[in-house]
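Observations on the three-dimensional arrangement
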Amino acid sequence: MDEKPGLPLELSCVLPAPRERVFAMLTEPTELARWWGPRGFTLPAVEVDLRVGGGYRFSMQPPAGDPFHVAGEFVEIAPPGRLGYTFRYEEPTPDDRETAVTLTLEARGETTEVSLSQSGFATEERVALHRDGWTDSFERLREALAAAS
């Protein structure tokens, strides 16, 4: 996937499940609703058209305040190893712009290492916001996978 100009974010985590299970958690609407978003947020609506050129749209409900929406288009789908998509806020702040997300899944025995690359941020503040959001989300994903095993 082409890198977008701007500031990058790189994160990785190890999850207690095989790649196929993790890939399903990253792409199936009912699974995404269990873990996506920072701690305290819920995902009351999830739409996923999982094909290159297909889109997704998530309604995110913060603990206080009005819901907001994130959306994008899938640019790479290679189960169970890679997933790439664009990411944009439908109600952006002035510093928001569309970014590019790539998730790479590597088998590590009975676990999976997920590497996240998100590029194209306008400001360090937006990078920090997404770093915190992804860190919380990955922890919630780890908890969901552990609870299911």
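Before any of the text, the structure's been laid out above.
Criteria and cut-off values
Position numbers for residues start from 1 in each chain and track the written sequence from start to end. Only residues with pLDDT of 70 or above have their local features reported here, since the model is predicted, and side-chain atom pairs are shown and tallied only from 80 upward, although totals for entire chains, interfaces and linings are computed over all residues. Computation of side-chain values: all heavy atoms of the structure, hydrogens and water removed. Aromatic pairing here means that ring centres of Phe, Tyr or Trp (its six-membered ring) are within 6.5 Å. Orientation follows from the plane angle: under 30 degrees is stacked, over 60 is edge-to-face, and everything else is tilted. Note on conventions: DSSP H or I runs of at least 4 residues are helices, E runs of at least 2 residues are strands, and numbering of each starts at the N terminus. Only protein chains enter the accessibility calculation, which uses a 1.4 Å probe; a residue whose area is less than 20% of its type maximum is buried, one above 50% is exposed, and one in between is partly exposed. Here a cavity denotes grid points, spaced 1 Å and computed from the protein atoms alone, that fit a 1.4 Å probe unable to get out, and a pocket denotes an open set having protein on both sides within 12 Å along at least 5 of 7 lines; residues with an atom within 4 Å of a point are the lining. Grid points are joined across faces, edges and corners, and a volume is the space filled by probe spheres set on the points. Polar here means any residue other than Ala, Val, Leu, Ile, Met, Phe, Trp, Tyr, Cys and Pro, which are nonpolar, and Asp, Glu, Lys and Arg, which are charged; Gly is therefore polar. Side-chain atoms within 4.5 Å are what join buried Ala, Val, Leu, Ile, Met, Phe, Trp, Tyr and Cys residues into a set we call a nonpolar core. Working rule for contacts: check all heavy atoms of both residues, and any pair within 4.5 Å makes them a contact.

Tallied over the entire structure, the rule returns 11 aromatic pairs. Aromatic pair phenylalanine 74 and tyrosine 85: ring centres 6.0 Å apart, planes at 70 degrees, arrangement edge-to-face. Within this pair, whereas phenylalanine 74 is found in strand β4 (residues 68-78), its partner tyrosine 85 is found in strand β5 (residues 82-89), the two being separated by 11 residues in sequence. Each member of the pair, phenylalanine 74 as well as tyrosine 85, is classed as buried. Taken together, the ring pairs connect Trp35, Trp36, Tyr56, Phe58, Phe74, Tyr85, Trp134 and Phe138 into an aromatic cluster.

Turning to the layout of surface pockets, a few remarks are in order. In this structure, the largest pocket spans a volume of roughly 320 Å³. Where the lining of the largest pocket is concerned, the elements lending two or more residues are β4, β5 and α3 (124-148). Considering every element that reaches the lining of the largest pocket, the biggest residue donor is α3, with seven residues. Residues that form the lining of the largest pocket fall into these classes: 10 nonpolar, five polar and four charged.

This brings us to the nonpolar core. In this structure, Trp36, Phe58, Tyr85, Leu103 and Trp134 are the most contacted members of the largest nonpolar core, which totals 36 residues. It is α3 that contributes the most residues to this core, six residues altogether. Setting aside chain neighbours within four positions, we find phenylalanine 58 in contact with Leu32, Trp36, Leu43, Ala45, Val46, Glu47, Val48, Phe68, His69 and Val70.

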